[in-house]
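# A structural walkthrough
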Amino acid sequence: MKKLLVGFIVATTFVSAEGYTQGDRILDMQKMAQAMQDIQSGFFYNNIDIIRAGTKSLKETIIKIRPIDEEVNNKDIYEKWLQNDLKMTNKIQKKIRKKAEVLEERFSDGDAVQALQVYSKIAGQCLKCHVRLRKW
């Protein structure tokens, strides 16, 4: 009986599980925008705790960003080739995570000017993705 119940739960989970959708991506982008605003507020209030919360949220959310299921399951080889952006996305994700750590470290060491410059570089990486991948 227990095996049947566990099997039913597992089957239900797989049937109801959806992949990464455009809506998911939009929510993640909104979370990252809020994290960047939190970091900026931390600068204005000179508060390391706000910056830590913002960088934590940014690092946790950036790793979720990936191609949506429509892009992954696209059968048109030419379109798939044009949208071969996974490598670039992974590179940007890695840079943002690393720079968020550096930002937090610099600010906690008392070097707000350097931390602000790193913040600017993170914003530049965000813009790079939006210009090249999102065709802004």
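Above this text sits the structure in question.
Keep in mind it's a predicted model, so treat the numbers as computed, not measured.

This part is about the packing of aromatic side chains. Summed over the entire model, instances satisfying the criterion amount to two aromatic pairs. Pairing Phe-43 with Phe-107 gives two aromatic rings, centres 5.6 Å apart and planes at 75 degrees, and the pair type is edge-to-face. With a gap of 64 residues between them, Phe-43 in helix 2 (residues 22-45) and Phe-107 in helix 6 (residues 86-108) connect regions that are remote in the sequence. Take Phe-43 and Phe-107: they sit in the same class, and that class is buried. Considering the side-chain rings of Phe-43 and Tyr-119, the 5.8 Å spacing of their centres and the 85 degrees angle between planes classify their relative orientation as edge-to-face. Of this pair, Phe-43 sits in helix 2 while Tyr-119 sits in helix 7 (residues 112-132), and the two are 76 residues apart along the sequence. Here Phe-43 matches Tyr-119 in class, with each residue buried.

The N-to-C vectors of helix 6 and helix 7 enclose an angle of 165 degrees; their axes lie 8 Å apart at closest approach. Here helix 6 lies roughly antiparallel to helix 7, going by the angle between them. Seen from above, helix 6 lies across helix 7 with left-handed handedness. Where helix 6 approaches helix 7, its residues Met-88, Ile-92, Lys-95, Ile-96, Lys-99, Ala-100, Val-102, Leu-103, Arg-106 and Phe-107 are matched on the opposing element by Ala-112, Gln-114, Ala-115, Val-118, Tyr-119, Lys-121, Ile-122, Gln-125, Cys-126, Lys-128, Cys-129 and Arg-132. Residues of the contact of helix 6 with helix 7, tallied by class, amount to 14 nonpolar, two polar and six charged.

Cut-offs and rules
- Residues numbered from 1 in each chain as written.
- Predicted model: local features only at pLDDT ≥ 70, side-chain atom pairs only at ≥ 80, totals over all residues.
- Heavy atoms only, no water.
- Phe/Tyr/Trp six-rings, centres within 6.5 Å; stacked < 30°, edge-to-face > 60°.
- Helix = DSSP H or I, 4+ residues; strand = E, 2+ residues; numbered from the N terminus.
- Buried < 20%, exposed > 50% of the residue type's maximum accessible area, 1.4 Å probe, protein only.
- Axes fitted to C-alpha atoms, helices over the stretch in contact; angles between N-to-C directions.
- Parallel < 35°, antiparallel > 145°, perpendicular 65-115°, else oblique.
- Left-handed = near helix turned anticlockwise from the far one by under 90°.
- Contact = heavy atoms within 4.5 Å.
- Nonpolar A, V, L, I, M, F, W, Y, C, P; charged D, E, K, R; others polar.

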